[in-house]
Amino acid sequence: MIDHVPLTHVLIVSTLMFFIGAYGFLTRKNLVTMLIGVELMLNAVNINFVAFDRYLFPSGIEGHFFSLFIIAIAAAEAAVAIAIFINLYRNIRSIDVEHVDKMKY
Amino acid sequence: MTLLLALILVPALTALAIVFAGNSKQVKILSAAGMSIQLLQSVYLLYAFLAERSSGNTEPVLFYNRFAWYSSLHISFDIGVDGISVAMIVLTAIVIFTGIFASWEVEEQYKEFFISLIVLATGVFGFFISLDLFVMFLFFELAVIPMYLLIGIWGSGKKEYSAMKLTLMLMAGSALLVVGILGIYFHSNVNGHHSFNILELSGQQFGIDMQRIFFPLTFIGFGVIGALFPFHTWSPDGHSSAPTAVSMLHAGVLMKLGGYGCLKVAIWLMPQAAHELAWIFLILTSISVIYGALGVISQTDLKYINAYSSVSHCGLVLFALLMLNKTATNGAVIQMISHGLMTALFFALIGMLYSRTHTRTVHEMGGLMKVLPFLSVCYVIAGLASLGLPGLSGFVAEMTIFVGAFQHTDWFHRFITIIAISSIVVTAVYILRVVGTLLMGPVKNETYLKFHQATWYEKLATVTLIAGIIIIGIAPLWLSDMIMESLGAILD
Amino acid sequence: MSSTLTILILLLPFAAFVFNGLLSAKLPHRVAGWIAVGAIGISTILAWKTAAAYFSQSTPYTKQLVFSATWLRFTDTLQVDMGILLDPISVMMLVVITTVSLMVFAYSTSYMLGEKGYVRYFAFLSLFSFSMLGLVAAGNLFQLYMFWELVGVSSYLLIGYYYDKPEAVAAAKKAFIVTRFADFGFLVGILVLSYYTGTFDFITLTNPENPAITSMTGISFMGISVLTWALVLIFMGGAGKSAMFPLHIWLPDAMEGPTPVSALIHAATMVVAGVFLVARMFPVFVFHAPAALAVVAFIGAFTLLFAAVIACTQTDIKRILAFSTMSQIGYMMLALGVSGYASDSLGFTASMFHLFTHAFFKALLFLGAGSVIHALNTNDIRGMGGLRKHQPITHVLFLIACLAIAGIPPFAGFLSKDEILAATLATNTFYFGIATLAAALTAFYMFRLYFTVFWNSERNYEHSPHESPAGMLVPMGILGVGSIAAGLIPFGRFVTSDGQPLKTHLHMPVAIISVTVALVGIGVAWFFYKKQSDVPQKITASIGGLYQTVYRKFYIDELYLFITKRIIFNLIAKPLAWFDRQVIDGFMNFTASATNRISAELKEFQSGQLQKYAYIFLAGVLILVVALLYTGLN
Amino acid sequence: MTWNELLLMRHEWTLIGLALVLIILEIGLSDEQKNRITISASLLMASITIVGFIPAEHGSIFGGMYVTDPIRILMKNILNIGALIIFLQSNAWLSKASMKNRITEFYLLLVSSLIGVNYMISAGHFLMFYLGLELLTIPIAALAAYEQYNSKSAEAGIKLILSSAFSSAILLFGLSVLYGATGNLYFAGFSFTGSLVTVLGFIFFFSGLAFKISIVPFHLWTADVYEGSPTSVTSYLSVVSKGAAVFVLAILLFTLFRVIQPVWRDVLYATAILTMTIGNLFAIRQQNLKRFLAFSSIAQAGFILLGVINGGGLGMATVIYFVLMYVFSNLAAFGVVQTVEQSTGKLNIDDYNGFYKTNPKLSLTMMLALFSLAGIPPLAGFFGKFFLFTAVAENGFYTLLLVAVLNTVISLYYYLLVVKAMFINKSESPIPVITSDGFMRTSLLIAATGIIVLGFYSPVFDYIMELCTTY
Amino acid sequence: MEASAILFYLLSFVILVSSLAAVTARRILRAAVYLLFALGGTAAIYFMVDYYFLAAVQLIVYAGGIVVLIIFSILLTTHIHEKLELPQWSKIMATFVLVAAGFSVTLYALTAYPFEARAGSRVDATVGLIGERMLAYGEGGYVLPFEVISILLLAALVGAIVIAKRNPPAA
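As the structure is a prediction and not an experimental result, all values here were calculated from the model. (Residues numbered from 1 in each chain as written. Chains lettered and ligands numbered in written order. Predicted model: local features only at pLDDT ≥ 70, side-chain atom pairs only at ≥ 80, totals over all residues. Heavy atoms only, no water.)

## Considering the overall build of chain E
Alright, step 1. Assigned secondary structure in chain E consists of six helices and zero strands.
Alright, step 2. A compact globule built from 171 residues would reach a C-alpha radius of gyration of about 16 Å, whereas chain E, at 21 Å, exceeds it by more than 25%.
Alright, step 3. Put simply, chain E has 171 residues, and 45% of those count as buried.
Alright, step 4. Once local pairs closer than 6 in sequence are excluded, the contacts in chain E between residues at least 24 apart make up 53%. (Helix = DSSP H or I, 4+ residues; strand = E, 2+ residues; numbered from the N terminus. Rg over C-alpha atoms; globule rule 2.2 N^0.38 Å. Buried < 20%, exposed > 50% of the residue type's maximum accessible area, 1.4 Å probe, protein only. Contact = heavy atoms within 4.5 Å.)

Now the structure itself:
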């Protein structure tokens, strides 16, 4: 627990971060930068888990473990995503999200 | 009783056997054999039914049997027949039997054709013997779908459009039915559980609010296939595009599922709402009757003519049902049978004429009486049956309906009844117009003189149907009594 | 009286119909003819025997149901029994129908010789006889209606006998449709009556004390008692079949059928079915619906004069006879209309009597006309003349018939017409005036026909006309005898409204008046038409417009055509077909195309842009949350 | 922890075993022998499926993190059947030259995903659920992009992995909020009261699952991914992945989230209507069969929600039963599409014109599948759909029911379009006669049998109903 | 104000600013670096609440692993000096509105809820405890997730490799 910092403030930070990440995901043209947005969102979730853990449920560390696993999975996801990016880059020489629209309607 | 099961098994097995048949001849012989057995069975059922009745059995349905099916939902394969079902079964057997012979010249993908046709018939037979709403609905849809292929593949004209329209409109109707059936199911309480069984449901007293919702749904649901105005437009296009046997079955039998269902489900199970809301549908059906008849007048295509006249005649069926008394309902059932036979005859004949003249436009033909006397006479008989000549089935049906409809003394019923009666004049107009143009007058085309006369299978088909029309026309009492006895349970 | 025998009267012609009908393609012509004639012959004998047996009973003659079998049950009370009802009028009709039928059948065997559809012709004729017999023998209103319809269809088939002739087809169609329209009223009438009385049965219905009927008199609709409604509607049916104005338009056209058919159906038997119907229901009319009876009288009187006027201008031999038939039926209707019941029922008896005599002489007239047409192959009297030399026997017989119809004593028509005139005089002098005037016109137009055809100057015939064969002349002869002898029957002793004999006697003043006007009519005709003369032309020219109007039958046909073609076909049926295709079906198609359209409009959502997808995703989440903020939590 | 307890996890164990066998085979077999992998994998998968059906005990282990009960076992078995059929159907594709040396990996990834499915269904803790979900997704994203030289495949992979990452971020955020409100992540004892924050958490969480099921408006990735992915992967996504998500959604809603049933009912009510309608409206206009089936499967998902909305035993039973029939029907359709695609490369509906003339058996199978999906008797789909309707009617949601049944009419329209192409339309150059391999034929036979028999054989449904009475 | 609070707000500021920079920076490599800052800041907060292990993992896996991976991919697929195009203005606005709405709604919900602290003695996530829990299989034990994630990582590895490795194109 961080003394004298109310839980709400932590939640403001995490929520803001989450939506900044979402903003990045929704606006960035480069696939990699979109991925960065997702990472920010996940990180915000982690802050949430940790904050709840510490502020509300000091006797448990479930949130802690959840964050741990999220980090691991984020890594796995990123690895696969990047592999696919590279694959795409080989195919169309671009990783601009707006070029990824061959299939539609 | 295994007899009823055999009624669906025989066509199903026939269809299966056709799969393994070799050439076209074998397929046709198999179909004919199967449907002959079916016809014999149906007649035997009729006999057994009458025998049972005369021995004093007054159960509402006979040969009742219950096979557990989806027991967790209390769905069971309930079969049993009353006089109405028996009559409809015999009708179906006759029409499919003749339909096979009317299709004798089908060579394109003959195997698939006969299989679809017989599957369709299976659905119809199943529908008429089932007493469980779910099973009934199952067979109902089973009967509708082969229609799409039959029209789409073997049809003529704008067949794809017609087939799609027909299928979708009928399915839209059955969509309403689903809602209706489930509403009934969940509002029922038979020994603490819900039920689909019509007999059990008929003992239920549904609340009037519930009935107000589900009666219209069910009635319109079945009404669509009974060509209820304004949901009838699938009928002209569908019938005109369908191959002969399909038109026969469709107009002859399938449209009857509508009337039968309206009676056995909507009216039987929800009588209060039927009384309360009948006036709305009476207006619609009386419109159907006169509208269909007037609609025929300016048609020039034989099949359209017959299709619109079917709208009129089937409208009369629903009209009569909504009179909600035994006499009119009795008339409605007789009308279903009568119309089934004569419209099948019409379509069969139209098909036979078409195969010779290659046109269905009335004005392009003429003087056929001289070149094709047999078929022409059959056509005249069908026409006379259609316009309600005494001695033929149509008269019996119409008169029973009108007498029944006249049991209501109020101004509204009187008025619409008279409107409906006036259709007999219009019917005479269009029938005679067609007969006059098509069959009489000078021979229009020299090539007509080279037409081959009716073949044995054509004769068999037409004569069978005419026999049915005449038997009912001359001696209707047994039929009428048989139906009447069953109506006690439904309308009291 | 054996019921089997009476049934056989009906069944024999039916058997002949079935036999000839089924074997029409294979049967030798002669065999078919003889089967039909044989069947109707036996029926005739049986009918006479039945009549003899019936009338030899002690009076009053009651209504007797000699045979009855349930045919259909409508409700618990209302059921249809197929039966044979014997009473004076049905027995009388049985005799008339079988006898005239026999003559016409026999005549036809010669007349139709060599026609292609010979067997079919006899099948249809037999069907007609069966139906007509069933009609008159019907024990209840419903059975009557059934046979009524069957009669209609046989008439249709016979008028359309020459089915490759468009005029014949059109005429047949017209006849059927017009009578069908009338039957629509008839049917509604039956339904109304049977609903309130709970029965179709004639014996119950015509019982004046029948409580079902008397209780019904109080019920009214639109200010008129339902009973009157019912009977007027029933009379509508009768008017249609009997070609009463304004439902008469089919009869002249019906002459497109073979001439023997016209004789049998459109002169002697079927067209009087309407009269029979009114007579059948007479007690109901007279006791419970006098207003309806007044309608009968009025329509009868009007048609009587109307048809007579038209007959004076026509040139087709059969059409003249057709209008004359209408006129004569008008007499019968009028007589019924002015009649009372029991001792007051001179009109009833007179009407039946006239029906009886008319059957003979009108049949004879037609057969005579047939004989002429047979010889000349034309129907137009302007192409005829001087035939008395070529066809002496026909000439004599035709003259007998003309005298009979003109009402010259001692021929049958005189006596029956005299009774009618007497009956009208007793009740309504206006109607008497009309009837007398019509009598004069009748004499005029009949003799106009007679003189034109048999006297006058000869035309240029392609080959010299010859007398008809014995096969045709013998039946005509028999009918000729009938035309004289029929009048001698003391009709009032047998046929009355209540079965009690009615004393009738010749009404001298009326007889004198009627014979006088008839002689005047004949005299005028003799003056105009015995020799070639231009007087008629001059007269027609001087009243040109009026003449045209009459000649064109007061343009009633055109009016009908206007209503059917212009209004029903063009203004109702065609727009309705359009409405069905474009609006009703259009709506269904619109539903389909609208679905497709919406589908096309929505496709932008599936843009292929990942970020837009995610945007919608997030927006969806937020919308759900916000929506639930407002709804879900409270 | 005892052996018996470990045996509760037999579905997962056997699958992990399969994965190990695959790795060993990959190492042990020479390149020329690689083509035997399909048969080994299929046989093993078949035995796993059968083993799954052997009745066994159930309970929860790992302190409640892992739960089995007869319903969950049944769900797993159903999805195993689906996976088995997909195994069989993949052979033709994997035999292509471009897939050389990548066969084992394909199966390995598929099995991994399947393990994820199983764990997700058996989850007794949100972490297990989340892990299962990701394990289900990530390998499949890799598989979606499996065709290296096909930019559409890469596009599909990208769309899948990024959308799913986005959606799982949202899901996790919701989960974290729920955690904050309850302090518990075990399913057992997970309790909370309805409040603004829990609703928010629930919606966030729900959207993540809805994404997997392709519920509108979370469905937009579906069509693109289905179109671009190799057909086997599409099958897997549309059947196994979707089915698993549906099952889990049903379990969670019926148990954990029962307290806020009014909330999720409203949500499902709205989304069900949207899903059915939008799915249908888009399906109407598709030419590409895979895309077509994608939208059809979206619409089907909408129908499934009708069962979920019921919230009781009947709802659960009908959902399970529907998925069962959907497995057979959809895989039969995909099997035919796959066959045609592998031998001719054709995917458009127009290409199927005159198909019946040349390939009657395939087109009949296709017709069976489509009619079953459309709900035409006496095929399984009819029963499945009717029972779903029953479930929704039980709640008295007749308006929703009406919308649903009218949607079936629309769906019938587009299914008929395909049937029409195959049976009615004529073609100058129809698809030539195709001989599919034995695997494919077996798979189609299984699917077709399922479609035909399932409806008639009522004990299946009765059994499911019996299991579900606990809800 | 306590020092820890000041530190927290400072860190928050850093995190948020670098997050914002990460999603707006026009040079892609810089974006990656800003991400690194954001992640590092988060790790610092973890330190502040005594979640040392988590903080370490955050630094190693996230900062060390993922960011490196991202940078690799950037190097592979883009030119370093390339400046990213700005997104369309309309897109930015629309997204901003949505994100702002989302933020407000979420925050409103979060602040409106009275999160209740559960009583109990504080447990510190020491490495020992973590290890113990990771291998425990009773309640509160994480051995099963641990095993599952190993499968997941393996699968991800296989997947990534099989996609990324070059195969000769089909003939």
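## Considerations on the overall build of chain B
Alright, step 1. Scanning chain B from N- to C-terminus turns up 19 helices and two strands.
Alright, step 2. For chain B, whose C-alpha radius of gyration is 21 Å, the value lies close to the compact-globule estimate of 23 Å for 492 residues.
Alright, step 3. Projected onto the principal axes, the alpha-carbon positions of chain B cover approximately 75 × 60 × 45 Å.
Alright, step 4. The burial tally for chain B puts 73% of its 492 residues in the buried class.
Alright, step 5. In the form shown here, chain B has an accessible surface area of approximately 13,100 Å², with 66% of it arising from carbon and sulfur atoms.
Alright, step 6. Across chain B, the 21 positively charged side chains and the 24 negatively charged ones have centroids separated by 10 Å. (Areas by Shrake-Rupley, 256 points an atom, 1.4 Å probe, with all protein chains shown as cover. Lys, Arg positive; Asp, Glu negative; His and termini not counted. Charge placed at Lys NZ, Arg CZ, Asp CG, Glu CD.)

## Observations regarding helix H15 (residues 317-338) of chain C
Residues and elements named next belong to chain C.
Alright, step 1. Along its 22 residues, H15 runs 32 Å from first to last C-alpha, staying within 8% of the 32 Å computed at 1.5 Å per residue.
Alright, step 2. Counting buried residues along H15, 22 of its 22 residues qualify, which places the element largely inside the surrounding structure.
Alright, step 3. Capping the start of H15, Asp316 holds a side-chain oxygen 2.8 Å from the backbone nitrogen of Lys318, two or three residues further along. (Expected span 1.5 Å × (residues − 1). Polar contact = N/O pair within 3.5 Å; in protein donor to acceptor, adjacent residues only side chain to side chain.)

## Here's the deal with the packing of aromatic side chains
Alright, step 1. Enumeration according to the criterion identifies 132 aromatic pairs over all chains in this entry.
Alright, step 2. Aromatic pair Phe113 of chain B and Phe114 of chain B: ring centres 5.3 Å apart, planes at 85 degrees, arrangement edge-to-face. Considered together, Phe113 of chain B and Phe114 of chain B belong to a single accessibility category, that of buried residues.
Alright, step 3. Their ring planes at 65 degrees and their centres at 5.0 Å tell us that Tyr352 of chain D and Phe355 of chain D sit as a pair that is edge-to-face. Considered together, Tyr352 of chain D and Phe355 of chain D belong to a single accessibility category, that of buried residues.
Alright, step 4. Looking at Lys385 of chain D, its charged tip hangs above the ring of Phe303 of chain D, at a distance of 4.4 Å from the centre. (Phe/Tyr/Trp six-rings, centres within 6.5 Å; stacked < 30°, edge-to-face > 60°. Lys NZ or Arg CZ within 6 Å of the ring centre and 35° of its normal.)

## Quick notes on a nonpolar patch on the surface
Alright, step 1. The grouping of Leu559, Phe562, Ile563, Ile567, Ile568, Leu571 and Ile572 of chain C at the surface amounts to a nonpolar patch, some 590 Å² of accessible area in total.
Alright, step 2. Position of Ile572 of chain C among the secondary structure elements: in helix H26 (residues 556-601). (Patch = residues over 30% accessible without salt bridge, like charges linked within 9 Å, V, L, I, M, F, W, Y side chains within 5 Å. Salt bridge = Lys/Arg side-chain N within 4 Å of Asp/Glu carboxyl O.)

## Concerning helix H10 (residues 221-228) of chain D
Alright, step 1. By the criterion of burial, H10 of chain D is predominantly enclosed, with eight of the eight residues buried.
Alright, step 2. Along H10 of chain D, the residues classified as buried are Trp221, Thr222, Ala223, Asp224, Val225, Tyr226, Glu227 and Gly228 of chain D.
Alright, step 3. Here the buried face of H10 of chain D lies against helix H27 (610-630) of chain C together with helix H7 (126-144), helix H8 (151-182), helix H9 (196-213), helix H11 (231-254) and helix H13 (289-310) of chain D.

## Some points on unusual backbone geometry
Alright, step 1. In this model, Phe245 of chain C is joined to Pro246 of chain C through a cis peptide bond whose omega is 0 degrees.
Alright, step 2. As for its position among the elements, Pro246 of chain C is in the loop between helix H9 (226-241) and helix H10 (250-253).
Alright, step 3. Backbone torsion omega between Pro377 of chain D and Pro378 of chain D reads 0 degrees, so that peptide bond is classified as cis.
Alright, step 4. Note that Pro378 of chain D resides in the loop between helix H16 (360-374) and helix H17 (380-394).

## A word on the interface of chain D and chain A
Alright, step 1. Taken together, the 47 residues of chain D in the interface contact 40 residues of chain A.
Alright, step 2. For the pair chain D and chain A, the two sides together bury roughly 3,700 Å², of which 76% comes from carbon and sulfur.
Alright, step 3. When the buried surface of chain D facing chain A is broken down by residue, Leu162, Phe173 and Tyr179 of chain D rank first, second and third, together holding 18% of it.
Alright, step 4. Our count for the contact surface shared by chain D and chain A stands at zero salt bridges.
Alright, step 5. Taken together, the links from chain D to chain A amount to 13 residue pairs in polar contact (both at pLDDT 80 or more).
Alright, step 6. Among the elements of the structure, H7, H8 and H10 of chain D are those that each provide at least two residues to the side of chain D that touches chain A.
Alright, step 7. With 24 residues, H8 of chain D is the largest single contributor of residues to the side of chain D that touches chain A. (Buried area = accessible area lost by both parts, 1.4 Å probe.)

## Topic: the pairing of strand S2 (residues 79-86) of chain C
Residues and elements named next belong to chain C.
Alright, step 1. Summarising burial for S2: six of the eight residues are buried, a large majority.
Alright, step 2. Looking at chain direction, strand S1 (residues 64-73) and S2 are connected through eight bridges and run antiparallel. Looking at the pairing, Ser68 lines up with Gly83 of S2.
Alright, step 3. The antiparallel hairpin formed by S1 and S2 contains five residues in its connecting segment. (Pairing = 2+ DSSP bridges.)

## Thoughts on the environment of Tyr308 of chain B
Alright, step 1. With respect to the helices, strands and loops of the structure, Tyr308 of chain B is situated in helix H12 (residues 302-321).
Alright, step 2. Taking the C-alpha atoms as reference points, Tyr308 of chain B and Ala33 of chain B, separated by 275 residues in sequence, lie 33 Å from one another.
Alright, step 3. With sequence-adjacent residues up to four places away left out, Tyr308 of chain B is seen in contact with Pro236, Gly292, Gly295, Val296 and Gln299 of chain B together with Asp580 and Arg581 of chain C.

## With respect to empty space enclosed by the protein
Alright, step 1. Considering all chains together, one arrives at twelve cavities of 30 Å³ or more under this definition.
Alright, step 2. When its volume is computed, the largest cavity comes out at roughly 170 Å³.
Alright, step 3. Taken together, 17 residues line the largest cavity, and the ones lying closest to its centre are Glu141 of chain B together with Ala374, Gly375, Phe389 and Thr408 of chain D.
Alright, step 4. Sorting the residues of the lining of the largest cavity by element identifies helix H5 (133-154) and helix H6 (159-187) of chain B together with H17 and helix H18 (398-423) of chain D as the ones contributing at least two each. (1 Å grid on protein atoms, 1.4 Å probe; cavity = no way out; pocket = protein on both sides within 12 Å on 5 of 7 lines; lining within 4 Å. Points joined across faces, edges and corners; volume = space filled by probe spheres on them.)

## A short note on the side chain of Asp132 of chain B
Residue and element names in this part refer to chain B.
Alright, step 1. Checked against the element boundaries, Asp132 lands in the loop between helix H4 (110-129) and H5.
Alright, step 2. The side chain of Asp132 sits in the buried core without any salt bridge; Arg66 is the nearest counter-charge, 5.6 Å away.
Alright, step 3. If near-sequence neighbours (up to four positions away) are discounted, Asp132 is found in contact with His74, Ile75, Ser76, Asp78, Phe196 and Asn197.

## A look at the nonpolar core
Alright, step 1. Among the nonpolar cores identified, the biggest contains 780 residues, and Phe129 and Phe257 of chain D are the most heavily contacted of them.
Alright, step 2. Among the elements that make up this core, the one with the highest residue count is helix H3 (residues 62-92) of chain A (21 residues).
Alright, step 3. There are two domains that each give this core at least three residues, and those are domain 1 (3-82 + 123-164) and domain 2 (87-113) of chain E.
Alright, step 4. Here Phe129 of chain D is in contact with Met120, Ala123, Leu171, Phe187, Phe205, Leu209, Val248 and Leu252 of chain D, once residues within four sequence places are set aside.
Alright, step 5. If you look at the next biggest cluster of nonpolar residues, it comprises 20 residues, including Ala297, Leu334, Ala435 and Ala438 of chain C. (Core = buried A, V, L, I, M, F, W, Y, C linked by side-chain atoms within 4.5 Å. Domains from an automatic or database assignment.)

## Considering the domain arrangement of chain E
Alright, step 1. One can read the domain layout of chain E as domain 1 (3-82 + 123-164) and domain 2 (87-113).
Alright, step 2. Put simply, the middle of domain 1 of chain E and the middle of domain 2 of chain E, counted by C-alpha atoms, are 25 Å apart.

## Let's talk about the environment of Asp101 of chain A
Alright, step 1. Mapped onto the secondary structure, Asp101 of chain A falls in the segment after H3.
Alright, step 2. In this structure, the C-alpha to C-alpha distance between Asp101 of chain A and Leu56 of chain A, residues 45 residues apart in sequence, is 45 Å.
Alright, step 3. Beyond its immediate sequence surroundings of up to four residues, Asp101 of chain A is in contact with Ser607, Gly608 and Gln609 of chain C together with Glu155 and Lys159 of chain D.

## Quick look at the interface of chain A and chain E
Alright, step 1. Taken together, the contacts link 70 residues of chain A with 80 residues of chain E.
Alright, step 2. Interface area for chain A against chain E, summed over the two sides, is near 7,000 Å², with a carbon-plus-sulfur share of 75%.
Alright, step 3. On the surface where chain A and chain E come into contact, there are two salt bridges.
Alright, step 4. Arg54 of chain A serves as the salt-bridge partner of Asp124 of chain E, at 3.6 Å between the closest nitrogen and oxygen.
Alright, step 5. If you look at where chain A meets chain E, you find 15 residue pairs in polar contact (both at pLDDT 80 or more).
Alright, step 6. Those elements giving two or more residues to the side of chain A that touches chain E turn out to be helix H1 (7-27), helix H2 (31-55) and H3 of chain A.
Alright, step 7. Ranked by the residues each element gives to the side of chain A that touches chain E, the list is headed by H3 of chain A, at 22 residues.

## What about the side chain of Thr390 of chain D?
Alright, step 1. Examined against the element boundaries, Thr390 of chain D turns out to sit in helix H17.
Alright, step 2. Exposure remark for Thr390 of chain D: the relative accessible area of 1% places this residue in the buried category.
Alright, step 3. Setting aside residues up to four positions removed in sequence, Thr390 of chain D forms contacts with Leu73, Leu182, Tyr185 and Phe186 of chain B together with Leu314 of chain D.

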